[in-house]
Amino acid sequence: MLGVRCRTDSLRSLSTALVKRHVRFSVLPAGRAALFHRSTAVRRDGVNSSLAGKRIAIKDNIVTADHPTTASSRILEGYTSPFDATVVKQLRAAGAVISSKASLDEFGMGSHAQTAYEGAVRSPFTRDGEALSPGGSSGGSAVTVAGKSAWAALGTDTGGSVRLPAAYCGVVGFKPSYGRLSRWGVIQYANSLDTVGMLANSVADAERVYEQLDRYDASDPTSLPATLRERLTAGNTEQPQSLRIGIPHEYNISELTPPVRDTWISTLSALQKAGHTLIPVSLPTTRQALSAYYVLAPAEASSNLAKYDGIRYGCRTSGSDASPAEGLLLYAKTRGEGFGEEARRRILLGAYALSSEAIDNYFIQAQRVRRLVQRDFDRVFSVQNPLIESAATPDSKAKAGVDVLITPTAPTLPPTIAELKRQTSVESHMLDVFTVPASLAGLPAISVPVPLSRALREGMDEQDVRSVGIQILGQFGTDRLVLHAAKVLEVIYASD
């Protein structure tokens, strides 16, 4: 997808300046941001669209022809794509203004948006003067929406990279079913998991962006064909007035902190009082899902990132790159300097998982776990998975099955940056435990901010995030049902 090499010093300076200036919350002066928005506005006279004139930020791993796209990595420093990604074209056609490129964890590899080459993303929230994690990898997209620098933002979700930052920044984050939105022009991390998602300040706004992008794209081989889309639409024309809500007991883990657990319980109680039915369900492969994800995603990443060598485009080391005496390849030094620590770690893990000595014990086993995760979901939902001819029948304990599942988005409130530095990589990965299963199964999922109880808010710092992300998951293809359930939840807490 990348085909032009731009390595001039001026472009490098421009790339770094644009990202730092329009992504990190603390350096977003209103006047300068407005100038940038006006300078890049595309006039769409006569366009009749709900997105006309709306400022939308684009995650920096989605290519744009008029801004550099670096995936927040030095290896792509100064790179500008010769074309727009399909989702960017669709937004422009609707009259939206591409306002800025949003920083991310390098190539989407991270949960806190702290690994970007141009510098860590800063959350608009603090706790006792300590900066909080904005979530990742789409932390820059979430911060632009939370800080009102953009009306909405596009992100990508591989294992929760839209939903986790949405929860940590108090905004809405929606990951559609895999294949509903085009991935053409998205810099790949893990092809079988990457999904373009959107962040906004309300479910209705996220839905407006989704409706504009929910189209078949012949350029994307993973895009759902028109025939399947028609079948999905025909089966989801009317939304139920009373929802059957599944509560997976495997999500009530020991790592779930009291504020998150209390908010989850109060949310379920509020929904029950509103006339919806709560049904306990079991998703036994939930714990194994996280381990499987951290085998599969790095394995795909190691293959996808092999093409970045500094020869055709992007950054290249100064001086000689070859070292025959040490047995190094021509581009070894460039890749060593161009990739950050987390990217190098995942490339090495992925390469090992695909090696002849490990592929059977790791990669193949992880694929089997992925299928079990999908079967768990198929067993509890009332709607049959349209991609599987002989889908599993709903769990007898769940009677006719459930419409949606409701869980926390993350097991904790956002940690401070100081706490992150003390965490091991395993502890950091645990924050994805509730978001990864939906990604492995390709299901639609949305994170909706639910305010903490008044008692909890009274004892909190005024600058702290004062909501918990509650996640709603649906069967594959039931994206509109998930959005409907999110609106139901949003209305219940509208007065708070």
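Residues numbered from 1 in each chain as written. Predicted model: local features only at pLDDT ≥ 70, side-chain atom pairs only at ≥ 80, totals over all residues. Heavy atoms only, no water.

## Examining the overall build of the chain
Here is step 1 of the chain: Helices and strands together make up the secondary structure of the chain, namely 17 helices and 12 strands.
Here is step 2 of the chain: The buried share of the chain, reckoned over its 496 residues, is 59%.
Here is step 3 of the chain: Here the analysis covers contacts within the chain between residues at least 6 apart in sequence; of these, 76% occur between residues at least 24 apart.
Here is step 4 of the chain: As presented, the chain carries roughly 19,500 Å² of accessible surface, and 52% of it is formed by carbon and sulfur atoms. (Helix = DSSP H or I, 4+ residues; strand = E, 2+ residues; numbered from the N terminus. Buried < 20%, exposed > 50% of the residue type's maximum accessible area, 1.4 Å probe, protein only. Contact = heavy atoms within 4.5 Å. Areas by Shrake-Rupley, 256 points an atom, 1.4 Å probe, with all protein chains shown as cover.)

## Observations concerning the packing of aromatic side chains
Here is step 1 of the chain: Following the criterion strictly, the structure yields 8 aromatic pairs and no others.
Here is step 2 of the chain: Between the aromatic rings of F107 and Y308, the centroid separation amounts to 5.2 Å while the plane-to-plane angle is 40°, which identifies the pairing as tilted. In this pair, F107 sits in the loop between β2 (97-102) and β3 (126-127) while Y308 sits in the loop between α9 (286-304) and α10 (332-338), placing the two residues 201 residues apart along the sequence. Each member of the pair, F107 together with Y308, is buried.
Here is step 3 of the chain: The interplanar angle of 55° and the centroid separation of 5.9 Å between the aromatic rings of F107 and F339 together place this pair among those described as tilted. One end of the pair, F107, is in the loop between β2 and β3; the other, F339, is in the loop between α10 and α11 (341-353), and 232 residues separate them in sequence.
Here is step 4 of the chain: Every member of this aromatic cluster is reached through a ring pair, and the members are F107, Y308 and F339. (Phe/Tyr/Trp six-rings, centres within 6.5 Å; stacked < 30°, edge-to-face > 60°.)

## Side note on the side chain of D376
Here is step 1 of the chain: As for its position among the elements, D376 is in helix α12 (residues 359-380).
Here is step 2 of the chain: Setting aside residues up to four positions removed in sequence, D376 forms contacts with L283, P284 and T285.

## Thoughts on the pattern of salt bridges
Two side chains with opposite charge may pair up if their charged atoms get near one another.
Here is step 1 of the chain: Applying the stated criterion across every chain yields a total of 18 salt bridges.
Here is step 2 of the chain: Here K487 makes a salt bridge to E207, at a shortest N to O gap of 2.4 Å. Pair noted here: K487 is in helix α17 (residues 479-492) and E207 is in helix α6 (residues 203-213), with a separation of 280 residues, a long-range link.
Here is step 3 of the chain: Exposure remark for E207: the relative accessible area of 12% places this residue in the buried category.
Here is step 4 of the chain: For R345, the salt bridge is made with E341, and the minimal N-O distance between the two is 3.2 Å. Note that R345 and E341 are positioned in helix α11 at a spacing of 4 residues, about one turn of the helix.
Here is step 5 of the chain: Since its relative accessible area comes to 32%, R345 is described here as partly exposed.
Here is step 6 of the chain: We classify E341 as exposed; its relative accessible area is 54%.
Here is step 7 of the chain: By sharing partners, the salt bridges in this structure join R180, D214, R229 and D479 into a single network. (Salt bridge = Lys/Arg side-chain N within 4 Å of Asp/Glu carboxyl O.)

## Some thoughts on the confidence of the model for the chain
Here is step 1 of the chain: With 85% of its residues at a pLDDT of at least 70, the chain reaches an overall mean of 87.
Here is step 2 of the chain: Residue range residues 1-44 is modelled with pLDDT below 50. Its contacts to residues more than four positions away, or to other chains, number 96 contacts. (pLDDT = per-residue confidence, 0-100.)

## As for the sheet that holds strand β6 (residues 172-175)
Here is step 1 of the chain: One open sheet holds the 10 strands; their spatial order is β2-β1-β5-β7-β6-β11-β12-β10-β8-β9, and the pairing between them is mixed. Lying at the two open borders of the sheet, with one neighbouring strand each, are β2 and β9 (277-281). Here the average twist between neighbouring strands, direction ignored, is 30°.
Here is step 2 of the chain: As paired strands, strand β5 (residues 152-157) and strand β7 (residues 195-200) are joined by 6 bridges and run antiparallel to one another. Across the sheet, the residue bridging to D157 is T195, located in β7.
Here is step 3 of the chain: Most of the contacts of helix α4 (residues 139-146) go to β5, to which it runs at about 160°, and overall it touches β1 (55-59), β2, β5 and β7.
Here is step 4 of the chain: In this fold α17 packs onto β6, β10 (404-408), β11 (445-451) and β12 (467-474), with an angle of close to 150° to the strand it touches most, β12. (Pairing = 2+ DSSP bridges. Axes fitted to C-alpha atoms, helices over the stretch in contact; angles between N-to-C directions.)

## Notes on the nonpolar core
Here is step 1 of the chain: Ranked by size, the top nonpolar core spans 112 residues in total, and within it L91, F107, L154, F377 and I446 carry the most contacts.
Here is step 2 of the chain: A per-element tally of this core places α9 first, with 10 residues.
Here is step 3 of the chain: Contact partners of F377, with chain neighbours within four places excluded, come to Y251, L283, L405, P437, A438, A441, L443 and L473.
Here is step 4 of the chain: With 17 residues, the next largest nonpolar core counts A142, V143, A146 and V171 among its residues. (Core = buried A, V, L, I, M, F, W, Y, C linked by side-chain atoms within 4.5 Å.)

## A word on the side chain of T416
Here is step 1 of the chain: Take T416: it is sitting in the loop between β10 and α13 (417-422).
Here is step 2 of the chain: Given the relative accessible area of 7%, T416 is considered buried.
Here is step 3 of the chain: Not counting residues within four places of it along the chain, the set of residues in contact with T416 comprises R127, E130, A131 and L132.

## Points about helix α7 (residues 226-234)
Spacing of three or four residues puts side chains on the same side of an α-helix, whose turn is 3.6 residues.
Here is step 1 of the chain: Along α7, the positions that sit buried rather than exposed are L228, R229 and L232. The arc that holds the buried residues of α7, viewed along the axis, is 100°, so those residues lie on one side. Summarising the geometry of α7, the exposed residues directed more than 90 degrees from the buried face are T227, E230 and A234. (Arc of directions from axis to C-beta.)

## Focus: unusual backbone geometry
Here is step 1 of the chain: The omega torsion across G136 and S137 is 10°, close enough to zero to call that bond cis.
Here is step 2 of the chain: With respect to the helices, strands and loops of the structure, S137 is situated in the loop between β4 (130-131) and α4.
Here is step 3 of the chain: Its identity as a non-glycine residue notwithstanding, A71 has a phi of 55°, on the positive side.
Here is step 4 of the chain: If you trace the backbone, A71 turns up in the loop between β1 and α3 (86-93).
Here is step 5 of the chain: The exposure class assigned to A71 is buried, which follows from its relative accessible area of 0%.
Here is step 6 of the chain: Notably, D128 is not glycine yet its phi reads approximately 55°, a positive angle.
Here is step 7 of the chain: Residue position: D128 is located in the loop between β3 and β4.
Here is step 8 of the chain: The class for D128 is exposed, based on a relative accessible area of 67%.

## Comments concerning the environment of Y293
Here is step 1 of the chain: Note on placement: Y293 falls in helix α9.
Here is step 2 of the chain: Measuring from C-alpha to C-alpha, the distance between Y293 and T158 comes to 9.5 Å, with 135 residues separating the pair along the chain.
Here is step 3 of the chain: Setting aside chain neighbours within four positions, we find Y293 in contact with T158, G159, Y189, L193, P298, V436 and L440.

## Side note on the packing of α9 against α11
The description of two packed helices rests on the angle between their axes and on the distance between the axes.
Here is step 1 of the chain: Where α9 contacts α11, the two axes come as close as 7 Å, and the packing angle between them is 100°. Overall, the two elements α9 and α11 adopt an arrangement that is roughly perpendicular. Touching Y294, V295, P298, A299 and S302 of α9 are R346, I347, L349, G350, A351 and A353, all from α11.
Here is step 2 of the chain: Split into classes, the residues belonging to the contact of α9 with α11 amount to 8 nonpolar, 2 polar and 1 charged. (Parallel < 35°, antiparallel > 145°, perpendicular 65-115°, else oblique. Nonpolar A, V, L, I, M, F, W, Y, C, P; charged D, E, K, R; others polar.)

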